[in-house]
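Residue strings, one per chain:
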Amino acid sequence: MYPRAFHYHRASSLKEAVAMLSQLGDDAKLLAGGQSLIPLMKLRFANPQHLVDLNFVPGTSYIKEEGGALRFGALTRHAEIENSATAAKIPILHDCAAGIADVQVRNRGTIGGSLAEADPSGDWAVVLMTLSTEVCCLGAKKTRTVPLSDFIKDAYTTALAHDELVSEVVVKAPPKGSGGAYIAFKRSAPVYPTASAAVQLIMDGDVCKDVVIALGCVGLTAIKAKDAEAALRGQRITDKALSAAMEAARAAADPQSDMRGSTDYKRALVGALVKRAIEVAMRRAHGEQVEVGHIYA
Amino acid sequence: MKKNVTIKVNGADRRAAVEPRLLLVHFLREVAGLTGTHVGCETSLCGACTVLLDGRAVKSCTVLAVQADGRKVTTVEGLADGDKLHPIQEGFWEEHGLQCGFCTPGMIMCSHDLLEHHPNPSDSEIRAGINGNLCRCTGYQHIVAAVRNASKKMSKRATARAGAR
């Protein structure tokens, strides 16, 4: 299975890649890890005439702690994040990186590529939406910083102009007393999840001071479950509050029926995942070390 | 337009002018003549085509040959030292870690990545480490036993080497 023929351009810097995009026009696409793009090209769902390869650009893969934030180079591979002690300081980031597909895909796939592709089933957007995340977009004339909530516009659609690329992803460290967790339900490792839930909260004793809940694979983009958050904010997390949050999360989901499950099934599933993620996030907020993995069918 | 690439495959430089759309797996099988790497699903799901790219497991059906230019690739043919099998190959031999054998090269290369980075994995770590590789015969029990066997051999040899110093 071959992709359609294309012209290959190897960028030696991000600036050069941007210049290539401007020059080559709309038929050019960027190649980062290629773990989504190459399969899409083989299936002929994507047929770019030009590919601009970013993999030979030096200095694009890093994890830096700076001014209360973690900065990820756009081509930082999922596996590097999975194995990074720095990234593990925000446990939900480790949950995400370690659970993406399988080791082979994690060795290639990149955080910047995942956000720029904006696949409705991608993992990073769901998780990063629960944190304060900014995406640095490098263009021909300037670099602009876009909050993640403004960056993802729709399924496979972002705020990037044609001649812009993601150069860095900046994640603010959550305040003290925070805990987060990301749990996905998958039919097997290499496939996208059927549904997923990311929860990041701040506890003050047994009261939830603040919380962000995002749902994955149950809409055209990651969905913020605002009513579910409201059910917990300022409350003691009792069974009743948990049930209310689950119910609100189910209502916020807008899933499509497909080979991974029916609409009703996914709604029920995402509610259960939200509950589990809240429970783990709460324990982590109280300082407990909790290992959490995705759930396989 | 073809592009010249040089890929170090199992220690030897392979030079060729390739179409940019040539996948690494086809470069290995058709240009380098190394058919140990198998083509399975072709959609990045089954792991049969797993090779090491600069020491890390990748699915060679989801990497372009031009992306491997100037880099090192190890295939299943590159593991044995002459007639002496690699401990992972011995493990698969001794524990009968295969039935039809189609998934085996990918399983072995993925296990290589696992054991290089986690020398003494538990059974659940082995299962998680090879969860991107599918065995249609469903012979997973023996495959896990094979990787466990290999990990014991490899750590015994590492200890022996350390003791000899």
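Fair warning: this is a prediction, and the values are worked out from it, not measured in the lab. (Residues numbered from 1 in each chain as written. Chains lettered and ligands numbered in written order. Predicted model: local features only at pLDDT ≥ 70, side-chain atom pairs only at ≥ 80, totals over all residues. Heavy atoms only, no water.)

Novice: I tried to follow the interface of chain A and chain B on my own but got confused; where do I start?
Specialist: Interfaces are often described in size by the accessible area the parts lose on coming together. Contacts between the two partners involve 32 residues from chain A, matched on the other side by 33 residues from chain B. Overall, the association of chain A and chain B removes approximately 2,700 Å² of surface from exposure, summing both partners, and the carbon and sulfur fraction of that is 57%. Three residues, Y2, Q104 and R108 of chain A, lead the burial of chain A against chain B; their summed loss comes to 23% of the area buried on that side. Taken together, the links from chain A to chain B amount to 2 salt bridges. Linking D69 of chain B and R10 of chain A is a salt bridge whose minimum nitrogen-to-oxygen distance equals 3.1 Å. Sorting the residues of the side of chain A that touches chain B by element identifies strand 1 (7–10), helix 2 (37–42), strand 3 (50–53) and helix 5 (103–108) of chain A as the ones contributing at least two each. Take the side of chain A that touches chain B: its biggest share by element is 5 residues, from helix 5 of chain A. (Contact = heavy atoms within 4.5 Å. Buried area = accessible area lost by both parts, 1.4 Å probe. Salt bridge = Lys/Arg side-chain N within 4 Å of Asp/Glu carboxyl O. Helix = DSSP H or I, 4+ residues; strand = E, 2+ residues; numbered from the N terminus.)

Novice: Teacher, can you tell me more about the environment of L14 of chain A here?
Specialist: All names here are of chain A. Relative to the elements of secondary structure, L14 occurs in helix 1 (residues 14–24). Sequence spacing of L14 and G205 is 191 residues, and the spatial spacing of their C-alpha atoms is 46 Å. Beyond its immediate sequence surroundings of up to four residues, L14 is in contact with L54, V57, T60, L138, L165 and S167.

Novice: Please explain helix 10 (residues 239–252) of chain A as it appears in this structure.
Specialist: For an α-helix, 3.6 residues make a turn, and residues three or four places apart therefore share a direction. Residue and element names in this part refer to chain A. For helix 10, spanning 14 residues, the distance from its first C-alpha to its last is 20 Å, which sits close to the expected 20 Å at 1.5 Å a residue. Buried within helix 10 we find A241, L242, A245, M246, A248 and A249. Seen along its axis, helix 10 keeps its buried residues to an arc of 165°; they face one direction. Opposite the buried face of helix 10, at more than 90 degrees from it, the exposed residues are D239, K240 and A251. Taken together, the buried residues of helix 10 touch strand 13 (207–216), helix 9 (226–232) and helix 11 (263–285). (Expected span 1.5 Å × (residues − 1). Buried < 20%, exposed > 50% of the residue type's maximum accessible area, 1.4 Å probe, protein only. Arc of directions from axis to C-beta.)

Novice: I would appreciate a short explanation of a nonpolar patch on the surface in the present structure.
Specialist: A grouping of M1, L43 and F45 of chain A is seen on the molecular surface, where their side chains present a nonpolar patch of about 310 Å² in accessible area. Relative to the helices and strands, L43 of chain A is located in the loop between helix 2 and strand 3. (Patch = residues over 30% accessible without salt bridge, like charges linked within 9 Å, V, L, I, M, F, W, Y side chains within 5 Å. Areas by Shrake-Rupley, 256 points an atom, 1.4 Å probe, with all protein chains shown as cover.)

Novice: What's the story with the domain arrangement of chain B in this structure? I'm lost.
Specialist: All names here are of chain B. Parsing chain B into structural domains produces domain 1 (3–76) and domain 2 (87–164). Facing 18 residues of domain 1, the contacting portion of domain 2 comprises 14 residues. Both faces considered, domain 1 and domain 2 share a buried interface measuring about 1,200 Å² in area, 60% of it formed by carbon and sulfur atoms. A salt bridge links R56 to D113; the shortest N-O distance between them is 3.1 Å. On the surface where domain 1 and domain 2 come into contact, there are 6 residue pairs in polar contact (both at pLDDT 80 or more). Contributing elements (two or more residues each) for the side of domain 1 that touches domain 2: strand 3 (50–53) and strand 4 (56–59). In the side of domain 1 that touches domain 2, the residues fall into 8 nonpolar, 8 polar and 2 charged. (Domains from an automatic or database assignment. Polar contact = N/O pair within 3.5 Å; in protein donor to acceptor, adjacent residues only side chain to side chain. Nonpolar A, V, L, I, M, F, W, Y, C, P; charged D, E, K, R; others polar.)

Novice: I tried to follow the domain arrangement of chain A on my own but got confused; where do I start?
Specialist: Residues and elements named next belong to chain A. Considered domain by domain, chain A is made up of domain 1 (63–172) and domain 2 (178–287). Placing a centre on the C-alpha atoms of domain 1 and another on those of domain 2 gives a separation of 20 Å. Across the contact, 24 residues belong to domain 1 and 24 residues belong to domain 2. Taking both partners together, domain 1 and domain 2 bury about 1,800 Å²; carbon and sulfur atoms supply 62% of that area. At the surface where domain 1 touches domain 2, the tally comes to 1 salt bridge. Summed over the shared surface of domain 1 and domain 2, the number is 6 residue pairs in polar contact (both at pLDDT 80 or more). At the level of elements, helix 4 (91–99), helix 7 (124–128) and strand 8 (152–154) are the ones that each hand at least two residues to the side of domain 1 that touches domain 2. Residue contributions to the side of domain 1 that touches domain 2 peak at 5 residues, all from helix 4. Looking at side-chain class alone, the side of domain 1 that touches domain 2 contains 13 nonpolar, 4 polar and 7 charged residues.

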